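One letter stands for each residue in the lines below.
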Protein chains: 2
Amino acid sequence: MQARVFVTLKPSVFDPQGTTVAEALHTLGYATVRDVRQGKYFELEIDATSADEARRLAAEAADRLLSNPVIESYRIEVTS
Amino acid sequence: MQARVFVTLKPSVFDPQGTTVAEALHTLGYATVRDVRQGKYFELEIDATSADEARRLAAEAADRLLSNPVIESYRIEVTS
């Protein structure tokens, strides 16, 4: 089973990497790009018997290792 | 409109960062995690009149700036 974990900075946290990407896109002529936020993306291949179990395990991994809960939030999607 | 761009290394490209995360998860006791691939994740806020336009623009940005087409592939999702 595959769990996808998206980790992004919380909205209140300044994202200099995203700002730099947005400025680079403006320089390239993409003026309609208003804002960019950059995050991390993980694809976990998990041996789990159910989607719920895979999601629970991915959430635990995200809490303990993949994200910093003080400044980051995460979202999980499970596909079989 | 929001376009989400997921950039991952192509399957044939070795992903040491993902391997390190997988090993760390094994050390933490998550033996059922078979494999991890790490990638980048971008949320673009785009002033576009249609989802198609936003997708086209995000794909162009991904081709020109956000990904390295030699070793990386990307996937785009558009939400209003």
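Chains are numbered independently. Their residues run from 1 in the order of the written sequence. Here every chain gets a letter starting at A, and every ligand a number starting at 1, in the order they are written. Selection of residues for local features in this predicted model requires a pLDDT of at least 70, selection of side-chain atom pairs for listing and counting requires 80 or more, and totals for whole chains, interfaces and linings are taken over all residues. With hydrogens and water stripped out, all remaining heavy atoms of the structure feed into the side-chain values.

> Sorry, what's going on with the interface of chain A and chain B here?
Size of an interface: often given as the accessible area lost when the parts come together. Contact with chain A, which involves 32 residues of that partner, is made by 32 residues of chain B. A buried area of about 3200 Å², summed over both sides, lies between chain A and chain B, and 57% of it is on carbon and sulfur atoms. When a carboxyl oxygen of Asp or Glu lies within 4 Å of a side-chain nitrogen of Lys or Arg, that pair is called a salt bridge. Taken together, the connections running from chain A to chain B amount to two salt bridges. Here Asp47 of chain B makes a salt bridge to Arg34 of chain A, at a shortest N to O gap of 3.0 Å. Two N or O atoms count as a polar contact when they lie within 3.5 Å, although within protein this holds only if one can serve as hydrogen donor and the other as acceptor, and sequence-adjacent residues are included solely when both atoms are side-chain atoms. In this structure, the connection of chain A to chain B is made through 18 residue pairs in polar contact (both at pLDDT 80 or more). Those elements that place two or more of their residues in the side of chain A that touches chain B are strand 1 (2–9), helix 1 (16–27), strand 2 (33–46) and helix 2 (51–66) of chain A. It is strand 2 of chain A that contributes the most residues to the side of chain A that touches chain B, 14 residues altogether. Strand pairing is defined by DSSP finding a minimum of two bridges between the two strands. For the purposes of this entry, the term helix denotes a DSSP run of H or I that reaches at least four residues, the term strand denotes a run of E that reaches at least two, and both are numbered from the N terminus. Alignment of strand 2 of chain A against strand 2 (residues 33–46) of chain B, held across 13 bridges, turns out to be antiparallel. Any pair of residues with heavy atoms lying within 4.5 Å of one another is described as a contacting pair. Once two parts are joined, some of their accessible surface, as seen by a 1.4 Å probe, is lost; buried area is that loss totalled over both.

> Looking at this structure, how should I read the packing of aromatic side chains?
What describes a pair of aromatic rings is the distance from one ring centre to the other and the angle between the planes of the rings. Here a Phe, Tyr or Trp ring, Trp counted by its six-membered ring, pairs with any other such ring whose centre lies within 6.5 Å, and the pair is stacked when the planes are under 30 degrees apart, edge-to-face when over 60, and tilted otherwise. Under the counting rule described, the total for this entry stands at five aromatic pairs over all chains. Considering the side-chain rings of Phe6 of chain A and Phe6 of chain B, the 5.1 Å spacing of their centres and the 50 degrees angle between planes classify their relative orientation as tilted. Residue Phe6 of chain A is found in strand 1, and its partner Phe6 of chain B is found in strand 1 (residues 2–9); the two belong to separate chains. Neither Phe6 of chain A nor Phe6 of chain B differs from the other in exposure class; each is buried. Their ring planes at 20 degrees and their centres at 5.4 Å tell us that Phe6 of chain B and Tyr41 of chain B sit as a pair that is stacked. In this pair, Phe6 of chain B sits in strand 1 while Tyr41 of chain B sits in strand 2, placing the two residues 35 residues apart along the sequence. The exposure class assigned to Tyr41 of chain B is buried, which follows from its relative accessible area of 1%. Site record: aromatic cluster; members linked through ring pairs are Phe6 and Tyr41 of chain A together with Phe6 and Tyr41 of chain B. Here's how the labels work: a residue is buried when its accessible area is under 20% of the maximum for its type, exposed when over 50%, partly exposed in between, all with a 1.4 Å probe on protein chains only.

> Looking at this structure, how should I read the nonpolar core?
Soluble globular proteins tend to bury their nonpolar side chains together. Grouping buried Ala, Val, Leu, Ile, Met, Phe, Trp, Tyr and Cys residues that are joined through side-chain atoms within 4.5 Å yields what is termed a nonpolar core. Among the nonpolar cores identified, the biggest contains 21 residues, and Leu25 and Val36 of chain A together with Val5, Phe42, Leu44 and Ile46 of chain B are the most heavily contacted of them. Elements with a contribution of two residues or more to this core: helix 1 and strand 2 of chain A together with strand 1, strand 2, helix 2 (51–66) and strand 3 (72–79) of chain B. At six residues, helix 2 of chain B tops the list of elements feeding residues into this core. Once you skip the residues sitting within four places of it in the chain, Val5 of chain B turns out to touch Lys40, Tyr41, Phe42, Leu44, Ala58, Ala62, Leu66, Tyr74, Arg75 and Ile76 of chain B.

> Even after reading the chapter, I still don't get the relation of the copies chain A and chain B, so can you show me in this structure?
Two chain copies here: they are related by a rotation about an axis and a translation along the same axis. Superposition record for chain A on chain B: RMSD 0.0 Å, screw rotation 180 degrees, translation along axis 0.0 Å. The symmetry that links the two subunits is that of a two-fold axis. Ranked by how close their C-alpha atoms come to the rotation axis, the residues of chain A are headed by Lys40 of chain A, at 2.5 Å. A shared binding surface is used by both copies, with 100% of the interface residues of chain A retained as interface residues in chain B. We place the copies in one frame by least squares, fitting the C-alpha atoms of every residue whose pLDDT is at least 70 in both.

> How should helix 1 (residues 16–27) of chain B be read in this particular structure?
Given the number of residues in a helix, its expected span is that number minus one, multiplied by 1.5 Å. The terminal C-alpha atoms of helix 1 of chain B lie 16 Å apart, and with 12 residues this matches the ideal 16 Å at 1.5 Å per residue to within 8%. Listing the buried residues of helix 1 of chain B in full gives Gly18, Val21, Ala22 and Leu25 of chain B. The arc that holds the buried residues of helix 1 of chain B, viewed along the axis, is 100 degrees, so those residues lie on one side. Close packing links the buried residues of helix 1 of chain B with strand 2 and helix 2 of chain A together with strand 2 of chain B. Of the residues flanking the end of helix 1 of chain B, it is Gly29 of chain B, one or two places downstream, whose phi is positive at about 105 degrees. Taken from the helix axis, the directions to the C-beta atoms give the arc we talk about.

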